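Structure assessment
One-letter residues, chain by chain:
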Amino acid sequence: MNGTSSLGRNPFVGPRPIQKGETLHGRARELRELFNRLQARRIVVLHSPSGAGKSSLVQAGLIPRLEAASFDVWKPIRVNLDPTGLPGVPVGINRYRLSAMVSLEDELPPAHRRSPEQLAALDFAEYLRTRPRRKHRAGRNVVLLFDQFEEVLTTAPLAVEAKHAFFSAVGRALEHEDYWALFIIREDHLAAFAPYRDKLPTQLSNTFRLDLLGLDGAREAAVELARQGGRSFPAVDALIRDLSTIRTQQPDGSFVVEQDVHVEPVHLQVVCRRLWDAMPKDDPSIDEEDIDAYASVSEALGAYYADAVRSIAKTNMALERSIREWVGETLIVGGIRSQVRQETNTSAGLDNRHIERLLDSYLVRAEQRAGANWFELSHDRLVEPILHDNDRWEQAHLHPLQVQAKLWEDGKRDRALLLRPEALIGALLWARNNPDRLTEGDREFLAWSESLRKQELRRRVLLLLVTATFAVVAILAVLSARKAQRESQRAHEARLAAVEAGERAEQASLDARRKGVQLQAALEKADFETRAGRDLLRLSLAQFITSRASVSKDDRRVAAGLLADMELEEIQEQFKHRIPQQGWELLLSMILDLPRDQLDVLSSLRSMELRALMWSMGRCPPAELHQELMHVESEVAEASVQHCEALDACWKCRGAEDCVADPETLRLPPARQREFERCHALTSERGAALRHQHHVFDTALLDDDFLEPDDPTQGSVP
């Protein structure tokens, strides 16, 4: 594929395309077919998979062949120029048309070049007609090479009107049969050109597909390049077999290893270049042992990239990190290659001296367009190995602080990705001990993390103050609650004491009422006894007066007055005592002689008393009176005993479980109370007085002051 005549020098170019003037091996058939197709059809589309070697085929094979056939081949055209910032270029210029003219203009000597401002005023066909040409090439057919033409689709994808205008301008230029055109396109973009095909002559109907390098072509390229370098390659078949091995999925989902019919040229170049450098200098042949020790594909590409970066940075870890980030984040955007314009001293943050070293290692290539140099990766196949090797290197060499800083930058500086206070202390200590390994991004990340820590510290202090305040309030509330509880407990105890005191007072009141009742009963009894004694005295005086043989009128009135003051029951009970007959007669006569206002005594007497009085006057037989008196006395005595027993039972039942009395006041129900009062009155007035007076009169009648036993005229009531 590429070779040099210098013995011992590495003949394999690595990942970059083979340039014009270098020998192309293994593509003789493809080169012949492409040349014939272009010569016959005038406008041809060359498409292939990425890494198949389109640029190498055109640069090292087709261009020399066209020039040998007397074609005027101009410099390859690129359409990815950004016109922003170019002096004198108006806003809204068709960037694709201007980019194509600028690419062709760079090939001219500086004295014949036109500025972008001048080119902006020209149509593409007018530019081609007026572009200066070398004298010995005048009159030849011009071949326009639109390299990486898929950029017209990927650059400013929303500029659809500008794309249509550009294709129309190219179509008008290609209508002139003096111009041939080869559009070099990655085949995964080929279908996207359908909306613009009718703008071009032949409508892009003439195509040529360049496949990956066949096994025979790969074998030829490896052997011939090794021979040019001074070594034989007896193990070439083993290497080709390894490079063509693929894994294919079966219908059941499993994978099997099979040998493909193609080899990617860039893989062959990189692996062989690394194998060549790794072998001892005095080893004249490449054997299978060498392949087992040094050959690979993505690892070879990644290792080649790692070696190139390491040779530039040497032992400077910060520089190596900067180079890796520049390649992995500036030249690769969104997983595809990108371009960086060269600037003074530094380009996109990396020193131009380091970029020159990358150019020398064939990892980066420079292209001059519109008076400026543009840097890009030398091949698409380097994207994946570079990203993988960068990740591996970061995991092996970066401090967690630097890894987190990168994540923070990739995450659009999300505050959630900043270091927490517990991790920040260790990061600050490491940064203080390794200042030469820090980048500006690391320092900015630390500054943001420290700011976040201060904010969180203030927030925690505020939270602590709020928590302390709430704690104090809670403690005060608890103390107040406990105090209130104690006060409530004391109040409850006071209420209980008051209730107990009230109960005791009520009990004392009840006891007092009971004692009052007892005292009242005693007073009533004493009063009764006093009245009974007084009445007895009155009656005794009256009997004494009436028992005398001769009583003056005044004495009679005194006796009548005494008897008139006595109650009816007291008069009735006197019939149970023995009174001399002349006493009763005198009493009746005195009563009959009473004034009118004192005659109500007789009106209240029962028939029994009247019969007793009548008998005492000789108008009723003694036997009848005796029986009547005996019957009355028996009834009175029996009633007195029953009432006394009932009274005693009522007093004794108080407080019993089946007592009908109120348990607090010990008062009886109204009906029972009335019965009790009636019983009490009857017992007190009739029973006690009757028994007492009966005894008194029994004693008095026997007393010498009332009866004279030797007087035969005195009798007694049985």
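Attention here is on the structure that accompanies the text.

Definitions and limits used
- Residues numbered from 1 in each chain as written.
- Predicted model: local features only at pLDDT ≥ 70, side-chain atom pairs only at ≥ 80, totals over all residues.
- Heavy atoms only, no water.
- Helix = DSSP H or I, 4+ residues; strand = E, 2+ residues; numbered from the N terminus.
- Buried < 20%, exposed > 50% of the residue type's maximum accessible area, 1.4 Å probe, protein only.
- Areas by Shrake-Rupley, 256 points an atom, 1.4 Å probe, with all protein chains shown as cover.
- Patch = residues over 30% accessible without salt bridge, like charges linked within 9 Å, V, L, I, M, F, W, Y side chains within 5 Å.
- Salt bridge = Lys/Arg side-chain N within 4 Å of Asp/Glu carboxyl O.
- Lys, Arg positive; Asp, Glu negative; His and termini not counted.
- Charge placed at Lys NZ, Arg CZ, Asp CG, Glu CD.
- Core = buried A, V, L, I, M, F, W, Y, C linked by side-chain atoms within 4.5 Å.
- Polar contact = N/O pair within 3.5 Å; in protein donor to acceptor, adjacent residues only side chain to side chain.
- Pairing = 2+ DSSP bridges.
- Axes fitted to C-alpha atoms, helices over the stretch in contact; angles between N-to-C directions.
- Parallel < 35°, antiparallel > 145°, perpendicular 65-115°, else oblique.
- Left-handed = near helix turned anticlockwise from the far one by under 90°.
- Contact = heavy atoms within 4.5 Å.
- Nonpolar A, V, L, I, M, F, W, Y, C, P; charged D, E, K, R; others polar.
- Phe/Tyr/Trp six-rings, centres within 6.5 Å; stacked < 30°, edge-to-face > 60°.
- Lys NZ or Arg CZ within 6 Å of the ring centre and 35° of its normal.

Counting its regular elements, the protein chain contains 25 helices and 16 strands. Across the 718 residues that make up the protein chain, the buried fraction comes to 43%. Total accessible area on the protein chain stands at roughly 38,400 Å², and carbon and sulfur atoms take up 53% of it.

What follows covers a negative patch on the surface. Taken together, the side chains of Asp 242, Glu 288, Glu 289 and Asp 292 present a region of like negative charge at the surface. Residue contributions to the negative patch peak at three residues, all from helix H11 (residues 288-294). Take Glu 288: its relative accessible area is 47%, and that puts it in the partly exposed class.

Our focus in this paragraph is the pattern of salt bridges. Applying the stated criterion across every chain, the model contains 27 salt bridges. Within this structure, Arg 27, Arg 29, Glu 30 and Glu 33 form a network of salt bridges that share partners.

Attention now moves to the nonpolar core. Formed by 51 residues in total, the largest nonpolar core has its most connected members in Phe 233, Leu 268, Ile 323, Trp 326 and Leu 358. For this core, the elements supplying multiple residues, two or more each, are helix H8 (215-229), helix H9 (236-243), helix H10 (265-278), helix H12 (298-313), helix H13 (317-329), helix H14 (352-360), strand E16 (372-377) and helix H15 (383-397). In terms of residue count, the dominant contributor to this core is H12 (eight residues). Formed by 45 residues, the second largest nonpolar core is a distinct cluster that contains Leu 81, Phe 146, Phe 167 and Ala 181.

What follows is about the side chain of Arg 131. Here Arg 131 shows up in the loop between helix H5 (124-130) and strand E3 (142-146). Within polar-contact distance, the side chain of Arg 131 engages the side chain of Glu 107 at 3.0 Å.

Taken in spatial order, the five strands make up an open sheet running E2-E3-E4-E1-E5, and their pairing is parallel. Each edge of the open sheet is held by one strand with a lone partner, namely strand E2 (72-73) and strand E5 (207-209). Where strand E1 (residues 43-48) meets E5, three bridges bridge the pair, whose relative direction is parallel. Bridge assignment links Leu 46 to a residue of E5, and that residue is Phe 208.

In most cases, non-glycine residues show a negative phi, while peptide bonds are predominantly trans. Unlike most non-glycine residues, Thr 202 shows phi in positive territory, near 65°. You can call Thr 202 partly exposed: its relative accessible area is 33%. Residues other than glycine seldom take positive phi values, yet Asn 345 does so here, at roughly 70°. Position of Asn 345 relative to the elements: it lies in the loop between strand E12 (340-341) and strand E13 (346-347).

The subject of this paragraph is the packing of H12 against H13. Look at H12 against H13: their axes get within 9 Å of each other, and the N-to-C directions meet at 135°. The orientation of H12 relative to H13 falls into the category oblique. Considering the relative orientation of H12 and H13, their crossing is right-handed. Here H12 contributes Tyr 305, Ala 306, Val 309, Ile 312 and Ala 313 to the contact with H13, which in turn contributes Leu 319, Glu 320, Ile 323, Arg 324 and Val 327. Classifying every residue of the contact of H12 with H13 by side-chain character gives eight nonpolar, no polar and two charged.

This part covers the packing of aromatic side chains. For the structure on display, the rule yields 14 aromatic pairs. Between Phe 149 and Phe 193, the ring centres sit 5.6 Å apart and the planes meet at 15°, which makes this aromatic pair stacked. Within this pair, whereas Phe 149 is found in the loop between E3 and helix H6 (151-154), its partner Phe 193 is found in the loop between strand E4 (179-186) and E5, the two being separated by 44 residues in sequence. Judged on exposure class, the residue Phe 149 and its partner Phe 193 are both buried. For the pair Trp 408 and Trp 448, a centre-to-centre distance of 6.0 Å together with 50° between the ring planes defines the contact as tilted. With Trp 408 in helix H16 (residues 400-410) and Trp 448 in helix H18 (residues 440-546), the pair connects residues that are 40 residues apart, well separated along the chain. Site record: aromatic cluster; members linked through ring pairs are Tyr 96, Phe 146, Phe 149, Phe 166, Phe 167, Phe 183, Phe 193 and Tyr 196. Across from the ring centre of Phe 35, 4.9 Å away, lies the NZ or CZ of Arg 65, which sits over that ring. In this arrangement the basic side chain of Arg 131 is found over the ring face of Trp 74, its NZ or CZ atom lying 4.0 Å from the centre.

Further remarks concern the packing of helix H3 (residues 95-105) against helix H7 (residues 160-174). In contact at an axis separation of 8 Å, H3 and H7 are set at 45° when each is read in the N-to-C sense. The angle between H3 and H7 falls in the class oblique. The residues of H7 that touch H3, namely those facing Tyr 96, Arg 97 and Ala 100, are Ala 162, Lys 163, Phe 166 and Ala 169. Residue composition of the contact of H3 with H7, by class: five nonpolar, no polar and two charged.

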